[in-house]
Amino acid sequence: MPETPNAPGAPAGASIEAEALTKVYKGSALPAVDAVDLTIHAGEFMTLLGPSGSGKTTTLNMIAGFEEVTSGRILLDGDDIARLPPYRRNLGMVFQNYALFPHMTAAENIAFPLRQRKVGRPEIDRRVREALELVHLGEHADRMPTQLSGGQQQRVALARAVVFAPRALLLDEPLGALDKKLRESLQLEIARLHTELGITFVFVTHDQEEALALSDRIAVFRDGRIEQVGTPAELYERPVSRFVATFLGDSNVFAGTVRDGRLDTGWCSLTTGTAGASAAGTGPAALVVRPENLRLGVAADPGANTLSATVTDVVYQGAFRRVLVRFDGGGAGQVRDTAGTGGAVAAGDRVEVGWAAEAGVLVPDDEPAATPEPEPAAAR
Ligand code: ADP
Ligand code: MG
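Conventions and cut-offs
Residues numbered from 1 in each chain as written. Chains lettered and ligands numbered in written order. Predicted model: local features only at pLDDT ≥ 70, side-chain atom pairs only at ≥ 80, totals over all residues. Heavy atoms only, no water. Salt bridge = Lys/Arg side-chain N within 4 Å of Asp/Glu carboxyl O. Helix = DSSP H or I, 4+ residues; strand = E, 2+ residues; numbered from the N terminus. Buried < 20%, exposed > 50% of the residue type's maximum accessible area, 1.4 Å probe, protein only. Domains from an automatic or database assignment. Contact = heavy atoms within 4.5 Å. Buried area = accessible area lost by both parts, 1.4 Å probe. Polar contact = N/O pair within 3.5 Å; in protein donor to acceptor, adjacent residues only side chain to side chain. Nonpolar A, V, L, I, M, F, W, Y, C, P; charged D, E, K, R; others polar. Core = buried A, V, L, I, M, F, W, Y, C linked by side-chain atoms within 4.5 Å. Phe/Tyr/Trp six-rings, centres within 6.5 Å; stacked < 30°, edge-to-face > 60°. Axes fitted to C-alpha atoms, helices over the stretch in contact; angles between N-to-C directions. Parallel < 35°, antiparallel > 145°, perpendicular 65-115°, else oblique. Left-handed = near helix turned anticlockwise from the far one by under 90°. Near = heavy atom within 4 Å. Areas by Shrake-Rupley, 256 points an atom, 1.4 Å probe, with all protein chains shown as cover.

Enquirer: Let's hear about the pattern of salt bridges: which residues, and what values?
Expert: Overall, the coordinates contain 19 salt bridges when judged by the stated rule. Linking Lys-23 and Glu-67 is a salt bridge whose minimum nitrogen-to-oxygen distance equals 3.5 Å. Here Glu-67 lies in the loop between α1 (56–64) and β4 (71–76) and Lys-23 lies in strand β1 (residues 16–23), a separation of 44 residues in the sequence. The buried category is assigned to Lys-23, whose relative accessible area is 7%. When its relative accessible area of 22% is taken as the criterion, Glu-67 is described as partly exposed. A salt bridge links Glu-123 to Arg-126, with the shortest nitrogen-to-oxygen separation between them at 3.1 Å. Taken together, the residues Glu-123 and Arg-126, both in helix α4 (residues 121–134) and three residues apart, mark about one turn of the helix. Looking at Glu-123, the relative accessible area reads 22%, which means it is partly exposed. Assessed through its relative accessible area of 34%, Arg-126 is described here as partly exposed. A single salt-bridge network, built from bridges that share partners, covers Glu-123, Arg-126, Arg-127 and Glu-130.

Enquirer: Let's hear about the domain arrangement of the chain: which residues, and what values?
Expert: The domain boundaries assigned to the chain delineate domain 1 (16–230) and domain 2 (238–371). Look at where the C-alpha atoms of domain 1 and domain 2 centre, and you get two points 38 Å apart. Tallying the contact residues gives twelve residues for domain 1 and eleven residues for domain 2. Together, the buried faces of domain 1 and domain 2 total about 880 Å²; carbon and sulfur atoms form 69% of this surface. It is Arg-222, Glu-227 and Gln-228 that lose the most area in domain 1 upon contact with domain 2, and together they represent 51% of the buried surface on that side. Here domain 1 and domain 2 share zero salt bridges between them. Here domain 1 is connected to domain 2 by four residue pairs in polar contact (both at pLDDT 80 or more). Elements supplying a minimum of two residues to the side of domain 1 that touches domain 2: α7 (208–214), β9 (217–222) and β10 (225–230). Top contributing element to the side of domain 1 that touches domain 2 by residue count: β9, with four residues. In terms of residue class, the side of domain 1 that touches domain 2 is made up of six nonpolar, four polar and two charged.

Enquirer: With reference to specific residues and values, describe the nonpolar core.
Expert: Ile-110, Val-128, Leu-158, Leu-169, Leu-171, Ile-190 and Phe-201 are the most contacted members of the largest nonpolar core, which totals 38 residues. Going through the elements one at a time, α3 (106–116), α4, α5 (150–162), β7 (168–172), α6 (180–197) and β8 (200–205) are the ones with two or more residues in this core. When residues in this core are grouped by element, the largest group, six residues, is from α5. Not counting chain neighbours up to four residues away, the residues in contact with Leu-169 comprise Gly-92, Met-93, Val-94, Leu-158, Ala-161, Val-162, Ile-199, Thr-200, Phe-201 and Val-202.

Enquirer: Pulling in residues and values, what's your account of the packing of aromatic side chains?
Expert: Following the criterion strictly, the structure yields nine aromatic pairs and no others. With a centroid separation of 5.5 Å and 40 degrees between ring planes, the pair formed by Phe-45 and Phe-201 is classed as tilted. Of this pair, Phe-45 sits in strand β3 (residues 45–49) while Phe-201 sits in strand β8, placing them 156 residues apart in sequence. Look at Phe-45 and you get buried, because its relative accessible area is 1%. For the pair Trp-267 and Phe-327, a centre-to-centre distance of 6.0 Å together with 25 degrees between the ring planes defines the contact as stacked. Highlighted residues: Trp-267 in the loop between β12 (262–264) and β13 (269–271) and Phe-327 in strand β17 (residues 320–327), separated in sequence by 60 residues.

Enquirer: Break down the environment of Leu-212 for me, with residues and values.
Expert: Note on placement: Leu-212 falls in helix α7. Separated by 21 residues in sequence, Leu-212 and Ala-233 have C-alpha atoms that sit 8.2 Å apart. The contact partners of Leu-212, leaving out residues within four places of it in the chain, are Ile-218, Pro-232 and Leu-248.

Enquirer: Hey, could you go over the packing of α3 against α4 for me, with residue numbers and the actual values?
Expert: A pair of packed helices is captured by two measures, namely the crossing angle of their axes and the spacing between those axes. As a packed pair, α3 and α4 sit with axes 9 Å apart at the nearest point and diverge in direction by 130 degrees. Classified by the angle their axes make, α3 and α4 are oblique. Regarding α3 and α4, the two cross each other, and that crossing is right-handed. Where α3 approaches α4, its residues Ala-107, Ile-110, Ala-111, Leu-114 and Arg-115 are matched on the opposing element by Arg-121, Ile-124, Arg-127, Val-128, Ala-131 and Leu-132. For the contact of α3 with α4, the residue count by class is eight nonpolar, no polar and three charged.

Enquirer: Residues and numbers for the site of ligand 1, please.
Expert: Around ligand 1, the surrounding shell consists of Tyr-25, Ala-32, Pro-51, Ser-52, Gly-53, Ser-54, Gly-55, Lys-56, Thr-57 and Thr-58. Note that an oxygen atom of ligand 1 is positioned 3.1 Å from one of the backbone N or O atoms of Ser-54. Thr-58 is positioned with one of its side-chain polar atoms (N or O) 2.5 Å from an oxygen atom of ligand 1. Here ligand 1 loses 56% of its free accessible area of 560 Å² to cover by the protein chains. Taken together, the residues that form the shell around ligand 1 break down as three nonpolar, six polar and one charged.

Structure representation (structure tokens):
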């Protein structure tokens, strides 16, 4: 059975839609996935990002067909596939732990899905060779998994997942078991594969840097629900909640109450600007300011915010330095200072920290008292 060619001009990848997708595991009171709605466009690189236990794997496994759907629908190019067995969905899958057959060579592992689909021998040989080339493992066709490094094993797993020309590739923390350097090189490989194959990728990770680097769009999971879906820039610049703001990237968070267009933190009063203000409304809110938007010195524009602080630490990071501060009367903060612009500063110095009103994003405070206020996300 040769691969089904796509109609001319049709995208190589399938669209995937989840509608009120829900999973309640037997014996659980709470749903692991709770009425999730998500549209993944044909050919898109979509990342499911969230902390451990937030429902990412369960969602992916329901799409793959490894986990039964409790309720809701999954549409592949508009067709409901929620009741189809995994092999009939024709989706590639890559797991964190490689999951190669230990008694088969790299080539035999890659051939496996083709043999399952009763593809003829010459066709199998040709496509296995192509898949090995695709992941730069042409030399290693006859190696056993134990004779391959972790990174090479994961390349074999990638080749095996795409050899039958699936219309989407599902990846569950595929780089989670690799060290940082290898992870970064395989990230580039995965990005290249996505471009070359043109199919839809659904990529699960709990690593926000990985998500920002790879994705067309990211769905942020929290407690079995999706908190926000958007491009990396949208999530970073316009988070809808304190949870999203602190999960993606470093931030300074000032929690308080909105009154007359200002945020009262109990120890200072801040201009909120307009971003996110309507979403936050009135009541408990948090003003999020990214470290690169804080300046050492008095804010230039009238109506901007300036706070007095004491420097607690200066961390040199090459292209910039991270200046950690403690605001007078408040908590900790951090300034990402492009080397030199803030002048010489050292721990113990008294400084002014300023930012333009529009640099702050006001979000509903969905995590009151989760951290002493205002506490920045842990320095990474
Ligand atoms: P993630 O991949 O985001 O870490 P999971 O989808 O694995 O999250 O898990 C979501 C929730 O479902 C967690 O609370 C987890 O403990 C629970 N869970 C996952 N798998 C099972 C299972 N087979 N049986 C019961 N509960 C499960
Ligand atoms: Mg998981």
